[in-house]
Amino acid sequence: MNGCMEPSDSNGLRCAVFGASGGIGAALAEQLCARADVAEVHGIARDPARVPSGAIPHRFDLTSEASIAKACAAIGEPLDLVLVATGRLTRESGDGPEKSWRTLDADAMAELYAINAIGPALIAKHTLPLLRKQGKPVFAAISAKVGSIADNRLGGWHSYRASKAALNMLVRNFAIELGRTNPRAVAVTLHPGTVDTPLSQPFQRNVAEGKLFTPEISAAKLLQVIAGLDTVDSGRLFAWDGAEIPF
Ligand SMILES: NC(=O)c1ccc[n+]([C@@H]2O[C@H](COP(=O)([O-])OP(=O)(O)OC[C@H]3O[C@@H](n4cnc5c(N)ncnc54)[C@H](OP(=O)(O)O)[C@@H]3O)[C@@H](O)[C@H]2O)c1
């Protein structure tokens with residue numbers, strides 16, 4: 001394979017999928033497990049029993065840095081691919097997303113920021129130092145097109161959009177820092193399309209015919225995008241079809 005995630009030795013790639021219990025995360029872990037160039041897939045989830053078989057299960061919670069550090073210590077280095085496939089659109093209680101500033105709530109905003117921006121940033125803190133120094137290692141966090149400020153014409157979903165915009169900014173920052181510490185590595189955010197998962201389930205009514213991906217299709221497209229990445233792409237947000245989405 002050309003581009004990113006080239007094996008740097010004959011032992012095969014070591015991959016970690018955070019959120020391997022989710023719709024897209026599980027599909028990503030399963031597809032990586034099936035690849036001949038992949039030696040090890042670590043699936044990290046709140047409930048390790050829900051990590052697809054074939055992946056090595058670990059427990060973590062995005063709201064506990066200690067649990068992220070513990071999982072990363074167990075995984076060890078080097079890593080060729082780190083995927084962050086976690087996220088929330090509504091609160092754990094089911095409330096949200098907000099349609100108007102009138103319904104803004106500090107606790108709701110803090111919860112969405114904790115899950116969509118702070119947790120992935122802490123995963124980066126503990127995984128970026130594990131990225132292999134050879135080959136073309138990749139850190140990719142699943143963001144969302146609605147986190148693009150430039151693309152925002154509809155408004156609404158305040159905490160989700162803002163927390164994903166924050167995630168995009170954080171990963172851009174990490175990419176710049178990574179350029180100095182591990183210049184072969186690439187850090188990006190990805191938009192998976194509209195995907196049939198528990199996250200999107202309550203909001204699928206207005207999705208146009210043929211525009212709702214299965215998690216398997218989305219995961220396959222995201223892995224294709226990752227395979228085509230180069231160091232010049234680091235810090236950017238890409239959609240499932242490889243198109244760059246402006247911040
Ligand atoms: N589906 C779409 O249409 C769509 C569109 C754009 C962007 N995205 C993004 O794609 C990513 C994956 O979402 P999905 O559609 O696959 O949704 P999903 O099936 O609901 O998966 C979400 C994942 O996040 C995990 N998670 C939530 N809170 C957590 C916590 N405190 N600690 C650890 N893990 C936690 C969930 O774990 P549990 O299973 O334990 O809850 C689950 O593994 C998200 O970033 C989402 O914003 C999705």
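Here the structure is a predicted model, which means the values were calculated and not measured. (Residues numbered from 1 in each chain as written. Predicted model: local features only at pLDDT ≥ 70, side-chain atom pairs only at ≥ 80, totals over all residues. Heavy atoms only, no water.)

Along the protein chain, the regular secondary structure elements total five helices and 10 strands. Relative to the 2.2 N^0.38 estimate, which gives 18 Å for 247 residues, the radius of gyration of the protein chain is 17 Å and therefore close to what a compact globule would have. Counting only residues that meet the buried cut, the protein chain has 52% of its 247 residues in that class. In the protein chain, of all internal contacts separated by at least 6 residues, the share reaching a separation of at least 24 is 69%. Carbon and sulfur atoms make up 53% of the accessible area of the protein chain, which totals about 11,600 Å². When the 25 basic and 25 acidic side-chain charges of the protein chain are each reduced to a single mean position, those positions are 3 Å apart. (Helix = DSSP H or I, 4+ residues; strand = E, 2+ residues; numbered from the N terminus. Rg over C-alpha atoms; globule rule 2.2 N^0.38 Å. Buried < 20%, exposed > 50% of the residue type's maximum accessible area, 1.4 Å probe, protein only. Contact = heavy atoms within 4.5 Å. Areas by Shrake-Rupley, 256 points an atom, 1.4 Å probe, with all protein chains shown as cover. Lys, Arg positive; Asp, Glu negative; His and termini not counted. Charge placed at Lys NZ, Arg CZ, Asp CG, Glu CD.)

As enumerated under the stated definition, the model contains four aromatic pairs in all. Plain terms: the ring middles of W157 and Y160 are 6.1 Å apart, the flat faces sit at 75 degrees to each other, and that makes the pair edge-to-face. For Y160, a relative accessible area of 8% gives the class buried. Here the aromatic rings of F213 and W240 are separated by 4.8 Å at their centres, their planes lie at 80 degrees, and the arrangement is edge-to-face. You can see F213 sitting in strand 8 (residues 212-213) and its partner W240 sitting in the loop between strand 9 (237-239) and strand 10 (244-245), a full 27 residues away along the chain. (Phe/Tyr/Trp six-rings, centres within 6.5 Å; stacked < 30°, edge-to-face > 60°.)

Looking now at the nonpolar core. Grouped together as the largest cluster of nonpolar side chains are 32 residues, with contacts concentrated most on L28, L32, L81, L83, L190 and I226. Contributions of two or more residues to this core are made by strand 1 (13-18), helix 1 (23-33), strand 2 (38-45), strand 4 (81-84), strand 5 (138-142), strand 6 (186-191) and helix 5 (215-227). Among the nonpolar cores identified, the runner-up in size contains 29 residues, and A71, L79, A121 and L178 belong to it. (Core = buried A, V, L, I, M, F, W, Y, C linked by side-chain atoms within 4.5 Å.)

Let's shift gears to the sheet that holds strand 4. The eight strands lie next to each other as 3-2-1-4-5-6-9-10, forming an open sheet whose pairing is mixed. A strand with exactly one partner marks an edge of an open sheet, and here the two such strands are strand 3 (56-59) and strand 10. Where strand 1 and strand 4 come together, four bridges link them in parallel fashion. Its bridge partner being in strand 4, V17 is matched across the sheet by L83. (Pairing = 2+ DSSP bridges.)

Moving on to the site of the ligand. Taken together, 28 residues form the shell around the ligand, and within it G23, T86, Y160, K164 and T197 come nearest. At 2.6 Å, a side-chain N or O of Y160 approaches an oxygen atom of the ligand. Contacts to the ligand include K164, whose side-chain N or O atom sits 2.8 Å from an oxygen atom. Relative to its free-state accessible area of 890 Å², the ligand is covered by the protein chains to the extent of 91%. At the level of secondary structure, the elements contributing two or more residues to the shell around the ligand comprise helix 1, helix 4 (158-181) and strand 7 (194-195). (Near = heavy atom within 4 Å. Polar contact = N/O pair within 3.5 Å; in protein donor to acceptor, adjacent residues only side chain to side chain.)

To continue, consider the pairing of strand 1. With six of six residues buried, strand 1 is to be regarded as a mostly interior element. Because side chains alternate across strand 1, one face comprises the buried residues L13, C15 and V17, and the other comprises R14, A16 and F18, equally buried. As paired strands, strand 1 and strand 2 are joined by six bridges and run parallel to one another. For C15, the partnering residue across the bridge sits in strand 2 and is V41. Viewed along the sheet, the connection from strand 1 through helix 1 into strand 2 turns out right-handed. (Right-handed = clockwise from strand over helix to strand, strands pointing away.)

Coordinates in, geometry out; function isn't part of it.
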